[in-house]
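One letter stands for each residue in the lines below.
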Amino acid sequence: MTIRTETAQTHLPQTLEPRNAGVPLDLDQVAGVAVNTSAVERRAGTLPGRRTVKKEFQAAWLCRAISCIDLTTLSGDDTAGRVARLCAKARQPVRADLLEALEMEGLTVGAVCVYHDMVAPARRALEGSGIPVAAVSTGFPAGLSPFHLRLAEIEASVAQGADEIDIVISRRHVLTGDWQALYDEMRAFRAACGAAHVKAILATGELGSLRNVARASLVCMMAGADFIKTSTGKESVNATLPVTLVMLRAIRAYHAATGYRVGYKPAGGISKAKDALVYLSMIKEELGDRWLRPDLFRFGASSLLADIERQLEHHATGRYSAGWRHGLG
Ligand SMILES: O=C[C@H](O)COP(=O)(O)O
(Lines give C-alpha, C1' and ligand atoms only; values in the text may rest on other atoms or scores of the structure.)
Protein backbone atom coordinates (compact mmCIF):
# COMPACT_ATOMS: atom_id res chain seq x y z
CA MET A 1 0.00 0.00 0.00
CA THR A 2 1.41 3.39 -0.96
CA ILE A 3 0.67 6.49 1.06
CA ARG A 4 -0.08 9.23 -1.42
CA THR A 5 1.03 12.36 0.35
CA GLU A 6 3.94 14.70 0.72
CA THR A 7 3.67 14.22 4.49
CA ALA A 8 4.82 10.61 4.13
CA GLN A 9 8.38 11.58 5.06
CA THR A 10 8.39 10.98 8.79
CA HIS A 11 11.94 10.07 9.71
CA LEU A 12 12.90 13.62 10.48
CA PRO A 13 16.12 14.99 11.92
CA GLN A 14 15.97 14.91 15.69
CA THR A 15 17.83 18.20 16.08
CA LEU A 16 15.76 20.83 17.79
CA GLU A 17 15.27 24.45 16.80
CA PRO A 18 17.95 26.84 18.07
CA ARG A 19 17.26 27.47 21.73
CA ASN A 20 14.86 30.18 22.69
CA ALA A 21 17.17 32.79 24.24
CA GLY A 22 14.25 34.51 25.95
CA VAL A 23 13.58 38.24 26.35
CA PRO A 24 13.33 40.59 29.35
CA LEU A 25 10.17 40.22 31.41
CA ASP A 26 7.61 42.86 30.42
CA LEU A 27 5.06 42.98 33.25
CA ASP A 28 2.74 45.36 31.35
CA GLN A 29 2.59 42.93 28.47
CA VAL A 30 1.83 40.05 30.85
CA ALA A 31 -0.88 42.06 32.62
CA GLY A 32 -2.42 42.93 29.23
CA VAL A 33 -2.96 39.31 28.21
CA ALA A 34 -6.67 38.61 27.74
CA VAL A 35 -8.51 35.44 26.77
CA ASN A 36 -12.10 35.28 25.55
CA THR A 37 -12.92 32.02 27.30
CA SER A 38 -16.30 31.37 25.67
CA ALA A 39 -14.90 32.03 22.17
CA VAL A 40 -12.01 29.64 22.86
CA GLU A 41 -14.37 26.97 24.15
CA ARG A 42 -16.70 27.39 21.14
CA ARG A 43 -13.82 27.04 18.69
CA ALA A 44 -12.34 24.07 20.58
CA GLY A 45 -15.76 22.43 20.49
CA THR A 46 -15.82 22.46 16.66
CA LEU A 47 -12.35 20.91 16.26
CA PRO A 48 -13.10 17.18 16.71
CA GLY A 49 -15.68 17.31 13.88
CA ARG A 50 -13.45 19.07 11.35
CA ARG A 51 -12.16 17.29 8.26
CA THR A 52 -8.64 18.69 7.96
CA VAL A 53 -7.22 15.17 7.81
CA LYS A 54 -8.58 13.42 4.73
CA LYS A 55 -9.03 9.65 4.90
CA GLU A 56 -6.46 8.83 2.21
CA PHE A 57 -3.83 10.77 4.16
CA GLN A 58 -4.66 9.40 7.61
CA ALA A 59 -1.94 6.75 7.72
CA ALA A 60 0.71 9.34 6.87
CA TRP A 61 -0.65 11.66 9.55
CA LEU A 62 -0.62 8.83 12.07
CA CYS A 63 3.01 8.10 11.24
CA ARG A 64 3.73 11.80 11.67
CA ALA A 65 2.04 11.58 15.08
CA ILE A 66 4.32 8.67 16.03
CA SER A 67 7.41 10.69 15.04
CA CYS A 68 6.22 13.36 17.50
CA ILE A 69 5.56 11.13 20.53
CA ASP A 70 7.63 11.49 23.68
CA LEU A 71 7.16 7.84 24.58
CA THR A 72 6.74 8.02 28.31
CA THR A 73 6.97 5.91 31.41
CA LEU A 74 6.62 7.80 34.69
CA SER A 75 5.64 5.20 37.25
CA GLY A 76 6.82 4.47 40.74
CA ASP A 77 7.57 0.90 39.70
CA ASP A 78 9.70 1.75 36.65
CA THR A 79 12.74 -0.50 36.27
CA ALA A 80 15.72 -0.54 33.92
CA GLY A 81 14.13 -3.54 32.20
CA ARG A 82 10.85 -1.71 31.56
CA VAL A 83 12.75 1.29 30.23
CA ALA A 84 14.83 -0.94 27.93
CA ARG A 85 11.62 -2.43 26.49
CA LEU A 86 10.17 1.06 26.02
CA CYS A 87 13.34 2.13 24.21
CA ALA A 88 13.15 -0.90 21.91
CA LYS A 89 9.61 0.22 21.06
CA ALA A 90 10.89 3.78 20.51
CA ARG A 91 13.42 2.51 17.97
CA GLN A 92 10.81 0.47 16.15
CA PRO A 93 7.40 1.84 17.10
CA VAL A 94 5.43 -0.21 14.58
CA ARG A 95 5.81 -3.83 13.39
CA ALA A 96 8.30 -4.13 10.55
CA ASP A 97 5.85 -5.80 8.13
CA LEU A 98 3.29 -3.06 8.77
CA LEU A 99 5.83 -0.32 8.15
CA GLU A 100 6.87 -2.00 4.94
CA ALA A 101 3.26 -2.23 3.80
CA LEU A 102 2.85 1.47 4.56
CA GLU A 103 6.26 2.33 3.01
CA MET A 104 7.33 4.03 6.23
CA GLU A 105 10.67 2.38 7.01
CA GLY A 106 12.94 4.20 9.46
CA LEU A 107 10.15 5.64 11.58
CA THR A 108 10.99 6.29 15.26
CA VAL A 109 9.29 8.22 18.07
CA GLY A 110 10.37 11.78 18.92
CA ALA A 111 11.98 10.98 22.29
CA VAL A 112 11.74 8.75 25.34
CA CYS A 113 10.61 10.49 28.54
CA VAL A 114 11.53 9.12 31.98
CA TYR A 115 12.26 10.03 35.58
CA HIS A 116 15.81 11.08 36.46
CA ASP A 117 16.79 7.65 37.80
CA MET A 118 15.93 6.05 34.46
CA VAL A 119 18.00 8.45 32.31
CA ALA A 120 21.14 6.26 32.30
CA PRO A 121 19.30 3.02 31.36
CA ALA A 122 17.41 4.91 28.63
CA ARG A 123 20.63 6.46 27.33
CA ARG A 124 22.23 3.00 27.09
CA ALA A 125 19.21 1.42 25.42
CA LEU A 126 18.99 4.20 22.82
CA GLU A 127 22.72 4.26 22.00
CA GLY A 128 23.29 5.00 18.32
CA SER A 129 19.60 5.57 17.56
CA GLY A 130 19.66 9.39 17.59
CA ILE A 131 16.50 9.34 19.73
CA PRO A 132 16.74 11.94 22.50
CA VAL A 133 16.19 11.16 26.18
CA ALA A 134 13.92 13.57 28.04
CA ALA A 135 13.99 13.65 31.84
CA VAL A 136 11.28 15.03 34.11
CA SER A 137 13.29 16.84 36.75
CA THR A 138 12.63 19.60 39.36
CA GLY A 139 10.67 17.46 41.80
CA PHE A 140 8.15 16.20 39.24
CA PRO A 141 5.15 16.25 39.40
CA ALA A 142 4.43 18.78 42.19
CA GLY A 143 7.66 20.79 41.91
CA LEU A 144 7.63 21.48 45.63
CA SER A 145 11.04 20.16 46.63
CA PRO A 146 13.65 22.71 47.81
CA PHE A 147 14.74 25.01 45.00
CA HIS A 148 18.44 24.08 45.20
CA LEU A 149 17.51 20.40 44.94
CA ARG A 150 15.40 21.07 41.86
CA LEU A 151 18.36 22.78 40.20
CA ALA A 152 20.67 19.95 41.28
CA GLU A 153 18.27 17.39 39.81
CA ILE A 154 18.38 19.15 36.44
CA GLU A 155 22.18 19.20 36.51
CA ALA A 156 22.30 15.52 37.49
CA SER A 157 19.94 14.55 34.66
CA VAL A 158 22.02 16.48 32.12
CA ALA A 159 25.19 14.84 33.49
CA GLN A 160 23.57 11.40 33.02
CA GLY A 161 22.97 12.22 29.36
CA ALA A 162 19.48 13.74 29.17
CA ASP A 163 19.06 15.78 25.97
CA GLU A 164 15.85 17.43 27.11
CA ILE A 165 14.60 18.42 30.54
CA ASP A 166 10.89 18.70 31.32
CA ILE A 167 10.68 21.06 34.31
CA VAL A 168 7.55 21.76 36.37
CA ILE A 169 6.78 25.34 37.30
CA SER A 170 5.67 26.43 40.78
CA ARG A 171 1.92 26.78 40.33
CA ARG A 172 1.73 29.10 43.33
CA HIS A 173 3.64 31.81 41.41
CA VAL A 174 0.84 31.81 38.84
CA LEU A 175 -1.98 31.58 41.35
CA THR A 176 -0.61 34.56 43.29
CA GLY A 177 0.25 36.54 40.13
CA ASP A 178 3.94 36.67 41.04
CA TRP A 179 5.18 36.79 37.44
CA GLN A 180 8.62 38.00 38.44
CA ALA A 181 9.08 34.89 40.62
CA LEU A 182 7.91 32.62 37.80
CA TYR A 183 10.28 34.34 35.35
CA ASP A 184 13.24 34.08 37.75
CA GLU A 185 12.51 30.41 38.46
CA MET A 186 12.27 29.57 34.75
CA ARG A 187 15.49 31.48 33.97
CA ALA A 188 17.32 29.54 36.69
CA PHE A 189 16.01 26.23 35.31
CA ARG A 190 16.98 27.32 31.80
CA ALA A 191 20.54 28.10 32.95
CA ALA A 192 20.86 24.78 34.83
CA CYS A 193 19.89 22.89 31.64
CA GLY A 194 23.04 24.09 29.85
CA ALA A 195 22.98 22.71 26.31
CA ALA A 196 19.89 20.58 26.95
CA HIS A 197 16.55 21.81 25.66
CA VAL A 198 13.97 22.72 28.26
CA LYS A 199 10.24 22.13 28.27
CA ALA A 200 8.17 24.06 30.81
CA ILE A 201 5.29 22.04 32.25
CA LEU A 202 2.58 24.49 33.30
CA ALA A 203 0.22 21.94 34.94
CA THR A 204 -2.63 23.87 33.32
CA GLY A 205 -5.30 21.89 35.20
CA GLU A 206 -4.10 23.61 38.37
CA LEU A 207 -3.77 27.19 37.09
CA GLY A 208 -7.36 28.25 37.68
CA SER A 209 -8.17 30.07 34.39
CA LEU A 210 -7.30 30.19 30.71
CA ARG A 211 -5.99 33.71 31.26
CA ASN A 212 -3.49 32.34 33.76
CA VAL A 213 -2.52 29.67 31.22
CA ALA A 214 -1.85 32.38 28.62
CA ARG A 215 0.13 34.53 31.04
CA ALA A 216 2.20 31.61 32.36
CA SER A 217 2.92 30.53 28.77
CA LEU A 218 4.16 34.01 27.90
CA VAL A 219 6.33 34.38 31.01
CA CYS A 220 7.96 30.95 30.53
CA MET A 221 8.71 31.74 26.88
CA MET A 222 10.16 35.14 27.85
CA ALA A 223 12.39 33.30 30.34
CA GLY A 224 13.72 30.98 27.62
CA ALA A 225 11.57 27.82 27.58
CA ASP A 226 12.12 25.90 24.32
CA PHE A 227 8.75 24.15 24.65
CA ILE A 228 5.67 24.81 26.71
CA LYS A 229 3.89 21.68 27.89
CA THR A 230 0.40 21.38 29.33
CA SER A 231 0.60 18.84 32.11
CA THR A 232 2.50 16.25 34.06
CA GLY A 233 -0.16 13.63 33.36
CA LYS A 234 -0.72 13.46 37.14
CA GLU A 235 -3.16 16.38 37.55
CA SER A 236 -6.88 15.61 37.63
CA VAL A 237 -7.31 17.61 34.38
CA ASN A 238 -4.51 17.28 31.84
CA ALA A 239 -4.28 18.29 28.14
CA THR A 240 -7.51 19.78 26.76
CA LEU A 241 -8.42 21.44 23.46
CA PRO A 242 -9.28 24.89 24.95
CA VAL A 243 -5.95 24.98 26.83
CA THR A 244 -4.18 23.92 23.65
CA LEU A 245 -5.75 26.76 21.65
CA VAL A 246 -4.67 29.29 24.26
CA MET A 247 -1.09 27.96 24.39
CA LEU A 248 -0.77 27.75 20.59
CA ARG A 249 -1.90 31.35 20.26
CA ALA A 250 0.60 32.41 22.90
CA ILE A 251 3.34 30.64 20.89
CA ARG A 252 2.16 32.39 17.72
CA ALA A 253 2.19 35.80 19.41
CA TYR A 254 5.63 35.19 20.92
CA HIS A 255 7.01 34.16 17.53
CA ALA A 256 5.54 37.26 15.90
CA ALA A 257 7.06 39.48 18.59
CA THR A 258 10.53 37.90 18.92
CA GLY A 259 11.18 35.60 15.95
CA TYR A 260 11.71 32.60 18.28
CA ARG A 261 9.78 29.45 17.55
CA VAL A 262 8.75 27.74 20.78
CA GLY A 263 7.49 24.16 20.66
CA TYR A 264 4.27 22.73 22.10
CA LYS A 265 3.72 19.50 24.03
CA PRO A 266 0.24 18.43 25.10
CA ALA A 267 0.55 15.67 27.69
CA GLY A 268 -1.63 13.50 29.83
CA GLY A 269 -4.66 11.47 28.81
CA ILE A 270 -4.02 11.50 25.04
CA SER A 271 -4.43 7.83 24.23
CA LYS A 272 -6.51 7.63 21.03
CA ALA A 273 -5.27 7.97 17.46
CA LYS A 274 -8.36 10.01 16.61
CA ASP A 275 -7.48 12.55 19.31
CA ALA A 276 -3.90 12.76 18.04
CA LEU A 277 -5.25 13.74 14.60
CA VAL A 278 -7.33 16.51 16.15
CA TYR A 279 -4.21 17.91 17.83
CA LEU A 280 -2.21 17.75 14.59
CA SER A 281 -5.02 19.54 12.70
CA MET A 282 -5.06 22.24 15.33
CA ILE A 283 -1.31 22.77 15.08
CA LYS A 284 -1.58 22.98 11.30
CA GLU A 285 -4.43 25.50 11.46
CA GLU A 286 -3.02 27.68 14.26
CA LEU A 287 0.76 27.58 13.67
CA GLY A 288 1.29 26.05 10.23
CA ASP A 289 3.25 23.09 8.87
CA ARG A 290 6.59 24.20 10.33
CA TRP A 291 5.34 23.19 13.78
CA LEU A 292 4.28 19.70 12.63
CA ARG A 293 7.74 18.26 13.25
CA PRO A 294 9.31 16.70 16.33
CA ASP A 295 11.62 19.68 16.92
CA LEU A 296 8.55 21.84 17.60
CA PHE A 297 5.78 19.44 18.54
CA ARG A 298 5.52 16.42 20.83
CA PHE A 299 2.78 14.37 22.39
CA GLY A 300 3.55 13.39 25.99
CA ALA A 301 1.90 9.98 26.04
CA SER A 302 2.32 6.51 27.49
CA SER A 303 -0.40 4.60 25.65
CA LEU A 304 -1.14 6.57 22.44
CA LEU A 305 1.30 4.55 20.36
CA ALA A 306 -0.59 1.29 20.93
CA ASP A 307 -3.83 2.75 19.56
CA ILE A 308 -2.08 4.32 16.57
CA GLU A 309 -0.48 0.97 15.79
CA ARG A 310 -3.92 -0.68 15.84
CA GLN A 311 -5.31 1.94 13.47
CA LEU A 312 -2.33 1.62 11.11
CA GLU A 313 -3.02 -2.10 10.97
CA HIS A 314 -6.53 -1.29 9.76
CA HIS A 315 -5.08 1.00 7.10
CA ALA A 316 -2.53 -1.54 5.95
CA THR A 317 -5.13 -4.28 5.64
CA GLY A 318 -7.87 -1.98 4.34
CA ARG A 319 -10.10 -2.64 7.35
CA TYR A 320 -11.59 0.56 8.77
CA SER A 321 -13.57 0.62 11.98
CA ALA A 322 -16.94 2.37 12.04
CA GLY A 323 -15.39 4.96 14.35
CA TRP A 324 -12.89 5.85 11.68
CA ARG A 325 -15.46 6.20 8.95
CA HIS A 326 -17.58 8.39 11.17
CA GLY A 327 -16.46 11.99 11.35
CA LEU A 328 -12.90 11.67 10.08
CA GLY A 329 -13.24 10.17 6.62
O1 LIG B 1 4.21 13.63 29.96
C2 LIG B 1 3.60 12.60 29.79
C3 LIG B 1 2.48 12.14 30.60
O4 LIG B 1 2.84 11.86 31.91
C5 LIG B 1 1.86 10.92 29.99
O6 LIG B 1 0.55 10.81 30.40
P7 LIG B 1 -0.38 9.53 30.00
O8 LIG B 1 0.18 8.38 30.78
O9 LIG B 1 -1.75 9.94 30.41
O10 LIG B 1 -0.25 9.32 28.52
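Residues numbered from 1 in each chain as written. Predicted model: local features only at pLDDT ≥ 70, side-chain atom pairs only at ≥ 80, totals over all residues. Heavy atoms only, no water.

A. The arrangement of the pairing of strand β1 (residues 69-72) in detail. Of the two faces of β1, the one holding I69 and L71 and the one holding D70 and T72 are both buried throughout. As paired elements, β1 and strand β8 (residues 299-301) share three bridges and run parallel to each other. The residue bridging I69 from the neighbouring strand is F299, located in β8. Pairing analysis gives three bridges linking β1 to strand β2 (residues 111-115), with the strands arranged parallel. By the bridge assignment for β2, D70 is matched with A111. (Buried < 20%, exposed > 50% of the residue type's maximum accessible area, 1.4 Å probe, protein only. Helix = DSSP H or I, 4+ residues; strand = E, 2+ residues; numbered from the N terminus. Pairing = 2+ DSSP bridges.)

B. The site of the ligand, seen in detail. The local shell around the ligand consists of T72, L74, K229, T232, G233, A267, G268, G269, G300, A301 and S302. Note that an oxygen atom of the ligand is positioned 2.7 Å from one of the backbone N or O atoms of T232. Contact between the ligand and G269: an oxygen atom at 2.8 Å from a main-chain N or O atom of the residue. With the chains in place, 84% of the 310 Å² that the ligand exposes on its own is no longer accessible. The residue inventory of the shell around the ligand, partitioned by class, reads three nonpolar, seven polar and one charged. (Near = heavy atom within 4 Å. Polar contact = N/O pair within 3.5 Å; in protein donor to acceptor, adjacent residues only side chain to side chain. Areas by Shrake-Rupley, 256 points an atom, 1.4 Å probe, with all protein chains shown as cover. Nonpolar A, V, L, I, M, F, W, Y, C, P; charged D, E, K, R; others polar.)

C. Structural view of the side chain of R64. One can find R64 in helix α3 (residues 58-67). As a buried residue without a salt bridge, R64 has its nearest oppositely charged side chain in D289, at a separation of 7.2 Å. From its side chain, R64 meets the backbone oxygen of L292 in a polar contact 2.7 Å long. (Lys, Arg positive; Asp, Glu negative; His and termini not counted. Salt bridge = Lys/Arg side-chain N within 4 Å of Asp/Glu carboxyl O.)

D. Local environment of the packing of aromatic side chains. Counting across every chain of the model gives five aromatic pairs. Aromatic pair F297 and F299: ring centres 4.8 Å apart, planes at 80°, arrangement edge-to-face. Taken as a pair, F297 and F299 share a single burial class, namely buried. Joined through ring pairs, the aromatic side chains of Y264, Y279, F297 and F299 make up one cluster. We note K199 situated over the ring of F227; from NZ or CZ to the ring centre the distance is 5.9 Å. (Phe/Tyr/Trp six-rings, centres within 6.5 Å; stacked < 30°, edge-to-face > 60°. Lys NZ or Arg CZ within 6 Å of the ring centre and 35° of its normal.)

E. Broad picture of the sheet that holds strand β5 (residues 197-201). Taken in spatial order, the eight strands of this open sheet run β7-β6-β5-β4-β3-β2-β1-β8, and their pairing is parallel. Each end of this open sheet is capped by a strand with a single partner; those strands are β7 (263-265) and β8. Mean inter-strand twist for the sheet, computed between neighbouring axes without regard to direction, equals 25°. Here β5 runs beside strand β6 (residues 227-229); their pairing, made up of three bridges, is parallel. By the bridge assignment, A200 is partnered in β6 with I228. Contacting β1 and β8, helix α13 (residues 304-317) runs over the sheet at an angle of about 120° to β1. (Axes fitted to C-alpha atoms, helices over the stretch in contact; angles between N-to-C directions. Contact = heavy atoms within 4.5 Å.)

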